[in-house]
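# Coordinate inspection notes
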Amino acid sequence: MQKTKKTNSSLGYIIIIALVLTLVYTMFNPSPTAPEKVTLDTFLSDIDGGIVDTIEVQGSKIYYTTTGDAEFYTVKETSESLTAVLGERDYTDIQIEVVDTEAGSFWVELVISAVPFLLIIGFLFFMMRQATSSNNQALSFGKSQARINDPEKKKTTFKDVAGAKEAKEELIEVVDFLKNPNKYTSMGAKIPKGVILVGAPGTGKTLLARAVAGEAGVPFFNISGSEFVEMFVGVGASRVRDLFKKAKRNAPCIIFIDEIDAVGRHRGAGMGGGHDEREQTLNQILTEMDGFEQDTNVIVMAATNRPDVLDPALLRPGRFDRRIVIDRPDIEDREEILHIHTRNKPLAKNIDLNKIARQTPGFSGADIENLANEAAILAASNNKKSVSQKDLEKSIEKVVMGPERKSRVLNKKEKEITAYHETGHAIVGHLLPECDPVHKVSIISRGMALGVTWFLPEEDKHLYSKTKFENELASLLGGYAAETMIFGEVSTGPSNDLKRATDMARKMVTKYGMSGLGATIYGDENDEVFLGKDFGHVRNYSEQVASKIDETVQAIMGTALKVATTILKENEDKLHKVAKELISKENLARNEFIKLMGDLEEKQESEEEITED
Ligand code: ADP
Ligand code: MG
Ligand code: ZN
């Protein structure tokens, strides 16, 4: 890029020089005071009259002075010579001078003829540069594009990573391997060659890998798996070769392959083109890792969120045998991450980050970073001096449910249907024991949804019981039940609820063994299909079982709907009360909802309600 820029500017110089030359020329050759123009006839009659003193011919122009020293000029046809114009006339007394017009404008001519010439040269030059630079590109195609981290730049360290304690402990060991390899080799221990970080997107895998490099203070070759996969077959493999060669030269160091699943998928699984390339690249990685000498102090780190699709050969001992799982952050970790990402943001004094952490179960580190940023944006757009608790909470809603879409106006009927629908969810969920507490009910559209009922668990959950699933199903179908009950028919509103409920019911049967079909898993334990591997996927159960599964799923759904309908029938007065309130207010916070439900024992919790600023 830089090269072409340079050529562009030299072209510019040439043009500027040409312009300056022209300017200078015209400045030093000011046009003389113009003689008066006369017709050819006048000129000829002047000659006949014998008053012409001198004649000067410049191309088609004839300048002449009279005996009275007056200056005139006239124009003849270019091709016609002066003698032809004068014809038979006698001009022996007149001093005639023919000026070579070419000579007079030599410099102008030079510049004028030079400009296109220079332009062409400049253009050729430019083209040549382009050609060579793309040539270079073609030549460096097989070179790895790994970026080495710059030690000058602000280093990421473990301090920048909140939570992930176990992962950090393991990685501290890796840092130690790199710093003091002798300590381990003298004990006869083999230094691990490959470490793979496994975790959901946004849980900080890339961040941790950077932190390892920062802590170890060693070169860090950073490349993403997708960069190996190029248009041309063989490029990936040659890039791998080049990358490992560079790394060995710079040992001790770390090679970090981000998103390794892009190249590390099960071999022989691809459909159509492209998989050959991936296989070659993967084979090359394996070969290189096997080829490390015992004392090569290069550690290969990789990150993926799809460990299930990785080729087993990658995970074999001696390759990526260290597997570090990075979980989604728990409450404490979330609070710590919030602290990290609000470090450089002015916070209101009464802020309670722990409360925010409790309201964000399931958030990844990246989600929390996003949340903190949204809050700052919100505060700034309201011209506030600091970020308040309210800003943070609004942002949770935005991150969880999408931004409010106040412009999507529901008509009266739609509003009513949505209100009963959401109230149905809320009441069923509220009255069933295993459901999470209702946090907020809203009929303001967000994203694709017309309304939302937001349940919030009191703590992070790791295990779910069958009863919990059944209760959640009933609550999911609460919207459907309420619509049928009040309006006698359903709208398209519950469609998404139905999909989620059906998926859940099916998983209960086929994945968790929570039905009459017993403790068996039906189908692949891998529900994430990726094209190719499961293309010719064979069901591992018979047609009979398939129809039984369908029946069982239907039965579970039927029961759940019955439970929901019964609860709503028993609480019809509350359903009307809450829905009416929802129609007029559009949003019901937890304490408002509970008050309407008339539950006093929940009062304690409602005290926790956030103090508004
Ligand atoms: P991944 O590679 O796992 O998809 P990243 O490492 O790219 O995720 O994380 C995205 C961003 O989320 C990071 O830049 C960081 O700001 C934030 N983040 C994630 N996890 C943490 C954490 N444990 N502590 C602090 N910030 C985190
Ligand atoms: Mg990443
Ligand atoms: Zn719904």
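Scroll up a little and you will see the structure.
Please read these numbers as outputs of a predicted model, since none were measured by experiment.

What counts and how
Residues numbered from 1 in each chain as written. Chains lettered and ligands numbered in written order. Predicted model: local features only at pLDDT ≥ 70, side-chain atom pairs only at ≥ 80, totals over all residues. Heavy atoms only, no water. Near = heavy atom within 4 Å. Polar contact = N/O pair within 3.5 Å; in protein donor to acceptor, adjacent residues only side chain to side chain. Areas by Shrake-Rupley, 256 points an atom, 1.4 Å probe, with all protein chains shown as cover. Helix = DSSP H or I, 4+ residues; strand = E, 2+ residues; numbered from the N terminus. Nonpolar A, V, L, I, M, F, W, Y, C, P; charged D, E, K, R; others polar. Domains from an automatic or database assignment. Pairing = 2+ DSSP bridges. Axes fitted to C-alpha atoms, helices over the stretch in contact; angles between N-to-C directions. Contact = heavy atoms within 4.5 Å. Buried < 20%, exposed > 50% of the residue type's maximum accessible area, 1.4 Å probe, protein only. Donors = N, O, S within 2.8 Å, 3.2 Å for Na, K, Ca; no water. Parallel < 35°, antiparallel > 145°, perpendicular 65-115°, else oblique. Expected span 1.5 Å × (residues − 1). Core = buried A, V, L, I, M, F, W, Y, C linked by side-chain atoms within 4.5 Å. Patch = residues over 30% accessible without salt bridge, like charges linked within 9 Å, V, L, I, M, F, W, Y side chains within 5 Å. Salt bridge = Lys/Arg side-chain N within 4 Å of Asp/Glu carboxyl O.

### A closer look at the site of ligand 1
Around ligand 1 lies a shell of 16 residues, among which Ala162, Gly202, Lys205, Thr206 and Glu369 are the nearest. One of the backbone N or O atoms of Ala162 is found 2.8 Å from a nitrogen atom in ligand 1. One nitrogen or oxygen atom from the main chain of Leu207 is found 2.9 Å from an oxygen atom belonging to ligand 1. If ligand 1 stood free it would expose 560 Å²; the protein chains cover 82% of that surface. Of all the secondary-structure elements, those providing two or more residues to the shell around ligand 1 are α8 (205-216), α12 (331-342) and α14 (365-381). Residues belonging to the shell around ligand 1 are distributed by class as follows: 7 nonpolar, 6 polar and 3 charged. Mapping the shell around ligand 1 onto the domain boundaries places at least three of its residues in each of domain 3 (150-326) and domain 4 (331-400).

### Structural notes on the sheet that holds strand β13 (residues 452-455)
Strands sit in the order β13-β12-β14 across an open sheet of 3 strands; the sheet is antiparallel. A single partner strand is all that each edge strand has here, and the edge strands are β13 and β14 (587-589). Direction aside, neighbouring strands of the sheet carry axes that sit 10° apart on average. Both strand β12 (residues 438-442) and β14 contribute to a ladder of 3 bridges, which runs antiparallel. When the bridges of β14 are listed, Lys440 appears paired with Ala589. Strand contacts of helix α21 (residues 572-585): β12 and β14, with the helix running at about 120° to β14, the strand carrying the most contacts. Those strands touched by helix α22 (residues 590-597) are β12 and β14, and its axis lies near 85° from that of β14.

### Here we look at unusual backbone geometry
Here the phi dihedral of Asn383 falls at roughly 55°; this positive angle occurs in a residue that is not glycine. Counting through the fold element by element, Asn383 comes out in the loop between α14 and α15 (389-401). Positioned with a positive phi, Glu586 is a non-glycine residue whose angle comes to about 70°. Tracing the backbone shows Glu586 in the loop between α21 and β14. Overall, Glu586 belongs to the partly exposed group, its relative accessible area being 28%.

### Some remarks on the coordination of the zinc ion (ligand 3)
Within the protein, the atoms that donate to the zinc ion (ligand 3) are His421 (NE2), His425 (NE2) and Asp497 (OD), at distances of 2.0 to 2.1 Å. Between the donor residues of the zinc ion (ligand 3), the gaps in sequence give the motif H-x3-H-x71-D. Here the residue His421 and the residue His425 both occupy positions in helix α16 (residues 412-431), the gap between them amounting to 4 residues, near one helical turn. Like His425, His421 is buried.

### Considering the packing of helix α20 (residues 543-570) against α21
Running from amino to carboxyl end, α20 crosses α21 at an angle of 80°, the nearest separation of the two axes being 4 Å. In terms of their interaxial angle, α20 and α21 are classed as roughly perpendicular. Side by side, α20 and α21 meet where Leu568, Lys569 and Glu570 of the first sit next to Glu572, Asp573 and Leu575 of the second. Looking at the contact of α20 with α21 residue by residue, the classes come out as 2 nonpolar, no polar and 4 charged.

### Notes on the pairing of strand β10 (residues 298-304)
Extensive coverage of β10 is indicated by the burial of 7 of its 7 residues. Residues Val298, Val300, Ala302 and Thr304 of β10 are buried on one face, and the alternating residues Ile299, Met301 and Ala303, pointing to the opposite face, are buried as well. Sheet topology places strand β7 (residues 194-199) next to β10; 5 bridges connect them, and they run parallel. For Gly194, the partnering residue across the bridge sits in β10 and is Val300.

### Structural notes on α8
Given a rise of 1.5 Å per residue, 12 residues ought to cover 16 Å, and the 17 Å separating the end C-alpha atoms of α8 matches this to within 8%. Residues Lys205, Leu208, Ala209, Ala211, Val212, Ala213, Gly214 and Ala216 constitute the buried set of α8. For α8, the secondary structure elements touched by its buried residues are α6 (165-179), β7, β8 (220-224), β9 (253-258), β10 and β11 (322-326). Where α8 terminates, the next one or two residues include Gly217, which has phi positive at roughly 65°.

### Details of the nonpolar core
In summary, soluble globular proteins display a tendency toward joint burial of nonpolar side chains. Grouped together as the largest cluster of nonpolar side chains are 28 residues, with contacts concentrated most on Leu171, Leu197, Val212, Ile254, Ile299 and Met301. Elements with a contribution of two residues or more to this core: α6, β7, α8, β9, β10 and β11. Setting aside residues up to four positions removed in sequence, Val212 forms contacts with Phe158, Leu171, Val174, Val175, Ile254 and Met301. Phe244, Ala247, Val298 and Val300 belong to the second largest nonpolar core, which has 26 residues in total.

### Notes on the packing of α16 against α20
Following both chains from N to C, one finds α16 and α20 inclined at 95°, their axes separated by 10 Å at the closest point. Overall, the two elements α16 and α20 adopt an arrangement that is roughly perpendicular. Within the contact between the two elements, α16 uses Gly424, Ile427, Val428 and Leu431 and α20 uses Ala564, Ile567 and Leu568. Residue composition of the contact of α16 with α20, grouped by class: 6 nonpolar, 1 polar and no charged.

### As for a nonpolar patch on the surface
Taken together, the side chains of Ile15, Leu19, Val115 and Leu119 define a hydrophobic patch exposed on the protein surface, amounting to about 330 Å² of accessible area. Of all the secondary-structure elements, those providing two or more residues to the nonpolar patch are α1 (2-28) and α5 (106-139). Topologically, Leu19 is positioned in helix α1.

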